[in-house]
Amino acid sequence: MAASKNSSELFSTFTLMPSTHLWDNIVELTQYRGGLYWRWVLNTALYAGIGALASTWISAISGYVLAKFEFPGKKAVFSVLLMGVLVPGVILAIPQYFLFASVGMTNTFWSVLLPQIISPYGIYLARIYAAASVPTDVIEAARTEGAGELRIFNRIALPMMAPGLVTIFLFQFVAVWNNFMLPYIMLGNDALYPVTVGLSGLLNQGATAPAMYTLVITGALLSIIPLVILFLVLQRYWKVDLAAGAVK
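Since this is a predicted model, take the numbers as computed values, not measurements.

Of the regular secondary structure elements, the protein holds 13 helices and zero strands. In sequence order, the protein lays out its α and β elements as α-α-α-α-α-α-α-α-α-α-α-α-α. Across the 248 residues that make up the protein, the buried fraction comes to 39%. The long-range share in the protein, meaning contacts at least 24 apart out of those at least 6 apart in sequence, stands at 73%. Of the roughly 13,600 Å² of accessible surface on the protein, 68% is carried by carbon and sulfur atoms. If the 13 positive side-chain charges of the protein are averaged to one point and the 10 negative ones to another, these points end up 6 Å apart.

In structure tokens form, the structure reads like this:
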């Protein structure tokens, strides 16, 4: 409702009363600094898309190994992983900044992407799902047929884990899409900003230019549309008991 109002109506009309200026606000947002908002959206899509895909694959293979392999120190590794789940990501932002600054990688695309590839929570979920959904008998049958471990994972285990991996992908995609603190600390060039940091900058400008509030609200509305579409598209991949007949 707020995104459909112009700057004069935003604070002077009833909160839930719609108006007719949504398209005008979108046009004004698009024209702001030569379409900088859509650059922010593209940056966010790259950070979230690439980061979530890489994180999902690493979580999948890590969880599969923890669930289906026996090796010295396995319990210790899993305990450390659980401790990592308990640590909020925002606490790590400052140490990560110093780490990237020491190698000259701050204010780059990689300074936002790389820290978000490893997800302890994603690995934990993948481990739980791999233990429940990938039958050991199927893995042993593949080994008997001469398949290598990486081929077994990519061709057999990965498809069986697909419903759980969709959940991990969505969690990680939304987490990266909404992430604010890490890019806010890492980036100084507004051409590299994700949409969260970019809209925060516009919001700060609203104190001196109230018209910016309308752009911020419109930008926030547009920024959630890709998340809604993603959920609607991927929900059909949630299937239960995908490999139930494989060992019958």
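Among the nonpolar cores identified, the biggest contains 34 residues, and Tyr 37, Trp 40, Phe 173 and Leu 202 are the most heavily contacted of them. Secondary-structure elements contributing two or more residues to this core are helix H2 (22–31), helix H3 (36–68), helix H10 (162–178), helix H11 (181–186), helix H12 (195–205) and helix H13 (211–234). Sequence-distant contacts of Tyr 37, that is, excluding residues within four places in its chain, are made with Leu 29, Val 195, Leu 199, Gly 219, Leu 222 and Ser 223.

If you check the backbone angles, Arg 33 has positive phi at about 50° while not being a glycine. Locating Arg 33 in the fold gives a position in the loop between H2 and H3. Judged by its relative accessible area of 52%, Arg 33 is exposed. Its identity is not glycine, yet Asn 107 carries a phi of approximately 60°, on the positive side. If you trace the backbone, Asn 107 turns up in the loop between helix H5 (89–102) and helix H6 (109–113). Among the residues examined, Asn 107 registers a relative accessible area of 34% and is labelled partly exposed.

Next up on the list: the UniProt feature "transmembrane region" (unreviewed entry) in the protein. Sequence positions flagged by UniProt for "transmembrane region" (unreviewed entry) are, in local numbering, residues 46–66, 78–98, 118–135, 156–177 and 211–234. The span residues 118–135 shows a helical share of 78% and a strand share of 0%, and its end C-alpha atoms are spaced 26 Å apart. Secondary structure content for residues 211–234 is 100% helix and 0% strand, and the end C-alpha separation is 37 Å.

What follows is about the side chain of Ser 55. Within the element layout of this structure, Ser 55 appears in helix H3. For Ser 55, a relative accessible area of 1% corresponds to the buried category.

This part is about the environment of Arg 151. Position of Arg 151 relative to the elements: it lies in helix H9 (residues 149–160). On the basis of relative accessible area, Arg 151 is assigned to the exposed category, the value being 53%. The spacing of Arg 151 and Asn 25 is 126 residues in sequence and 51 Å in space, taken between C-alpha atoms.

Quick notes on the rules
- Residues numbered from 1 in each chain as written.
- Predicted model: local features only at pLDDT ≥ 70, side-chain atom pairs only at ≥ 80, totals over all residues.
- Heavy atoms only, no water.
- Helix = DSSP H or I, 4+ residues; strand = E, 2+ residues; numbered from the N terminus.
- Buried < 20%, exposed > 50% of the residue type's maximum accessible area, 1.4 Å probe, protein only.
- Contact = heavy atoms within 4.5 Å.
- Areas by Shrake-Rupley, 256 points an atom, 1.4 Å probe, with all protein chains shown as cover.
- Lys, Arg positive; Asp, Glu negative; His and termini not counted.
- Charge placed at Lys NZ, Arg CZ, Asp CG, Glu CD.
- Core = buried A, V, L, I, M, F, W, Y, C linked by side-chain atoms within 4.5 Å.
- UniProt positions renumbered as here; feature names shortened; annotations may be inferred.

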